[in-house]
Amino acid sequence: MAKATLGQKCSKHLHSQGGAYLFFALTALAAALLYAARVEWSWFPEVALYAGKNFVLHMFLILGGLALFHLFYLLAGDNLRGKRPLQNLHLGLLILSGVLFGWTLVIFLNNPANNAHALVSLLPYVGLALGLPFAFVLFPNFKKVTRTVLAAILTVAIVVPVILANVQSAVVPFALAEQGALVLDRGDDTYSIVFATNRPSFGGVQIAEGETYLDLSFGERRLSRTHSVIVPRDALNGKTYTVIADEVLEYAGCSGKLGKTLSITRTFKGAVKESLNLLAASDWHDDLQGLYAAIAQFPETPDIFLMMGDAASMYDSEEELIAHTIAVGAHVTNGEFPAIIALGNHETFGPYSATIPTQLGLDRTYFQVTRGNFVFNVLDGRDDAKDHFNAGKSYDNYRNTQLDWYENLPVPEKSKHVLTLVHMPEFYYPDPALQARFHAATERLATDLQISGHTHVLDFARAGQSRVDDKERVLPTVQTPILVDGGPKDGGYSGVKIVSQVQIDKNGLAKITARAGDGELMLQETLQF
């Protein structure tokens, strides 16, 4: 009996149950890392592994190399042709992979500086072509049905994400959130056009018969799911604009791969008017269905949507900001009229909260918006969340800086109608000194109406009237009328929602109406500015 050669010994071990178990263990590890990357576990080196997908393919490349060795053995020692269909398939894939690899290598050698990324990008596909047939050679060595089923499940668990990561026409196509945009008035004669995609992309806005503006960070196009494009107010008012998102499949700075390009076109009705129809909503806390039911009670298109804070209960990820703030603004406005946002205390909750202003394109979170005869003083209603998690927050200096700015705003002309937008109705409460400064500044600015939220209790008080807060404490009497948008109808965080409408005519007569999502009229008042 002839002594087995080294190639025969390797072939025997590779195609044994031990080889199958080794392949199974390594592939299971690759699958675990793949899914860890896809759910963005913070400890996972996602960038180094090309967003998780290519690590699995590189694993197949290594294992496919073992199959390549076995094919060389077969070619050297046996007559392969006509022996086994699987071996013929493997040989064909080997030849195809060799051609692809050789072609890429030639391009890389001709221009290594610009084509290294192309080489790295193609290698995983070569590995996929080699590794899958190798898996099918090994899996028959599992003798028991349960092991075979387990192996099949593992194969599907790896192959499906790989296909979804690399095929543009995947089950979940590249898309814009809500198929629209949110146009935020920043208060400095510019808008921030905010939109989001379900995968990383480059963003931009093209204004009809005008310029194209890009989402840039220090001269580079910002790769993100959320985009904020700053455009001049005068350039957008009354114009048609197109939001553009370029899907980025791979990005290495000097080279990469783009996927689909999406675009939507809207006509923006942002002209300044002598009268205004305002729609105010706050404290929807993730309950989009309840919010939209309440908004549907006001079918007339508003001029401005006031987003008064606490859109989500917690901001643990970018998805929270997209789903509960950006998509809500896009849904309500359809990108056709502006919104003004006043951040609330829940916009400080969660590890992603610190990035919210940047993602919305806000240079500062307190600002003044002037539109014709209307002035909006917008304050940042975030707090230091001492009752929740205070280790990462310090608002003491920030409060004073904001209050200094508010106190030093110039008193507007008597013809102006002034509104203060702040999430907390008793701003700086329970600090009596800061609260007194806030009320004094509000009165000095001849504020006609303060609009707030936060308490989850609908309330309206005229100048000289006292109020009771959500804990039934009597609050100091102030000289500024205040509307507290109710959020949930019955308090708490769930249930039927309330939104408010403020219609102001050219003579300064304000009609204030609040309705619940079930159609109930909750408030109806008039106020002369």
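Summarised in this report is the structure supplied together with it.

**Considerations on the nonpolar core**
- Leu291, Phe305, Leu360 and Val499 are the most contacted members of the largest nonpolar core, which totals 32 residues.
- Looking at this core, the elements with two or more residues in it are strand E1 (182-185), strand E2 (190-207), strand E9 (276-281), helix H8 (288-295), strand E10 (304-307), helix H9 (318-333) and strand E11 (339-341).
- With five residues, H9 is the single largest residue contributor to this core.
- Beyond its immediate stretch of four places on either side in the chain, phenylalanine 305 contacts Leu279, Ala281, Gly329, Val332, Thr333, Phe337, Pro338, Ala339 and Ile340.

**A short note on the packing of aromatic side chains**
- Scanning the entire structure with this criterion turns up five aromatic pairs.
- Aromatic pair tyrosine 191 and phenylalanine 268: ring centres 5.1 Å apart, planes at 70°, arrangement edge-to-face. With a gap of 77 residues between them, tyrosine 191 in strand E2 and phenylalanine 268 in the loop between strand E8 (256-267) and E9 connect regions that are remote in the sequence.
- Measuring from ring centre to ring centre gives 5.9 Å for tyrosine 366 and tyrosine 398, while their planes differ by 65°; the resulting arrangement is edge-to-face. Linking tyrosine 366 in the loop between helix H10 (356-359) and strand E12 (367-371) with tyrosine 398 in helix H11 (residues 396-407), this pair joins segments that are 32 residues apart in sequence.
- Residue classification places tyrosine 398 among the partly exposed positions, given a relative accessible area of 23%.
- An aromatic cluster of three or more residues is present, and its members are Tyr366, Tyr398 and Trp405.

**What about the environment of alanine 440?**
- Its location among the elements puts alanine 440 in helix H12 (residues 432-444).
- Exposure remark for alanine 440: the relative accessible area of 44% places this residue in the partly exposed category.
- Spatially, the C-alpha atom of alanine 440 lies 9.3 Å from that of glutamine 479, the residues being 39 residues apart in sequence.

**Here's the deal with the sheet that holds strand E14 (residues 417-421)**
- Read across the sheet, six strands follow the order E12-E13-E14-E15-E19-E16 without closing on themselves; strand pairing throughout is mixed. Each edge of the sheet is formed by a strand with only one pairing partner; in this case those strands are E12 and strand E16 (459-461). Within the sheet, the average angular offset between the axes of one strand and its neighbour, ignoring direction, is 15°.
- Here E14 runs beside strand E15 (residues 449-452); their pairing, made up of three bridges, is parallel. Following the sheet pairing, leucine 421 is matched in E15 by isoleucine 451.

Cut-off values and rules
Residues numbered from 1 in each chain as written. Predicted model: local features only at pLDDT ≥ 70, side-chain atom pairs only at ≥ 80, totals over all residues. Heavy atoms only, no water. Core = buried A, V, L, I, M, F, W, Y, C linked by side-chain atoms within 4.5 Å. Buried < 20%, exposed > 50% of the residue type's maximum accessible area, 1.4 Å probe, protein only. Helix = DSSP H or I, 4+ residues; strand = E, 2+ residues; numbered from the N terminus. Contact = heavy atoms within 4.5 Å. Phe/Tyr/Trp six-rings, centres within 6.5 Å; stacked < 30°, edge-to-face > 60°. Pairing = 2+ DSSP bridges. Axes fitted to C-alpha atoms, helices over the stretch in contact; angles between N-to-C directions.

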